[in-house]
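For reference, the chains in residue letters:
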Amino acid sequence: MDSFKKNESITIDGEGLSLRLRAANEDDLENLRQWKNDHRAFFFHKMVISPEQQRAWFNTFKTRSDDFMFIVEVNHSAIGCMGIRLLGEVWDIYNVILGLPDYRKKGYMGKALQAMLNFAQSGNHCPMTLQVLQSNPAVAWYKKNGFVITGEHSDHFSMAYQPNNG
Ligand SMILES: CC(C)(COP(=O)(O)OP(=O)(O)OC[C@H]1O[C@@H](n2cnc3c(N)ncnc32)[C@H](O)[C@@H]1OP(=O)(O)O)[C@@H](O)C(=O)NCCC(=O)NCCS
């Protein structure tokens, strides 16, 4: 994990636009908070997050070496976020949110997700997994992006990245 840095930045080549993943910093906390609150129906945590709670999360997050929160930027504008963290021997993808609806269904979030997965695999070759509520339309999106359902629970699915089995 020597090459892993909290301030990682990944540039994705595109036609005439700049799509980039960069590490979230203090200036992103209000965006992260609003995006999560706006989309809380899709997540396990349903309570509205306060500015103080968001900051407390960030202070703890900063101390965890195998936990990455990225901001997705298109032409230097922050449009969304996505995180990945090592839990034991597996990567757990979390907090994937398109914050700005104008950028929906343009392929940006899918490309950013693939870049984040490549980043994680290059540092630590572990299975890549996630948990998603069964009612969330993102289940179909994850399938299109190479994930399969590996477990069915009372309200959510476990999924794992198996791009050749989709
Ligand atoms: C899940 C989420 C991030 C997907 O965002 P998105 O902007 O739709 O993602 P993408 O642009 O990558 O989606 C690809 C879609 O764009 C279309 N698309 C258009 N142009 C494209 C291009 N150049 N390249 C790739 N896909 C393109 C694809 O055909 C696909 O459409 P389809 O789903 O009808 O097949 C977003 O819906 C979201 O934030 N949801 C709420 C939060 C949430 O539920 N997160 C997951 C919690 S576990």
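Residues numbered from 1 in each chain as written. Predicted model: local features only at pLDDT ≥ 70, side-chain atom pairs only at ≥ 80, totals over all residues.

Q: Could you give an account of the site of the ligand, naming the residues involved and the relevant values?
A: Surveying the vicinity of the ligand reveals 17 residues, the closest of which are F42, L98, K105, G107 and G110. Every element with two or more residues in the shell around the ligand is listed here: β5 (90–98), α3 (108–123) and α4 (138–144). Residue classes in the shell around the ligand are distributed as nine nonpolar, four polar and four charged. (Near = placed C-beta within 6 Å. Helix = DSSP H or I, 4+ residues; strand = E, 2+ residues; numbered from the N terminus. Nonpolar A, V, L, I, M, F, W, Y, C, P; charged D, E, K, R; others polar.)

Q: Give a detailed account of the packing of helix α1 (residues 29–38) against helix α2 (residues 51–61), specifying residues and quantitative values.
A: The interhelical angle for the contact between α1 and α2, taken along N-to-C directions, is 115°, at an axis separation of 10 Å. With respect to their mutual orientation, α1 and α2 come out roughly perpendicular. Seen from above, α1 lies across α2 with right-handed handedness. In contact with L29, L32 and R33 of α1, α2 contributes P51, Q54, R55 and F58. Tallied by class, the residues present in the contact of α1 with α2 amount to four nonpolar, one polar and two charged. (Axes fitted to C-alpha atoms, helices over the stretch in contact; angles between N-to-C directions. Parallel < 35°, antiparallel > 145°, perpendicular 65-115°, else oblique. Left-handed = near helix turned anticlockwise from the far one by under 90°. Contact = placed C-beta atoms within 7 Å.)

Q: An account of the pairing of strand β4 (residues 77–87) is requested, with residue identities and associated values reported.
A: Pairing of strand β3 (residues 67–74) with β4, which is carried by eight bridges, proceeds in the antiparallel orientation. Residue pairing in the sheet places V74 in a bridge with S77 of β4. Hairpin connection from β3 to β4: two residues lie between these consecutive antiparallel strands, with N75 at a positive phi of about 45°. (Pairing = 2+ DSSP bridges.)

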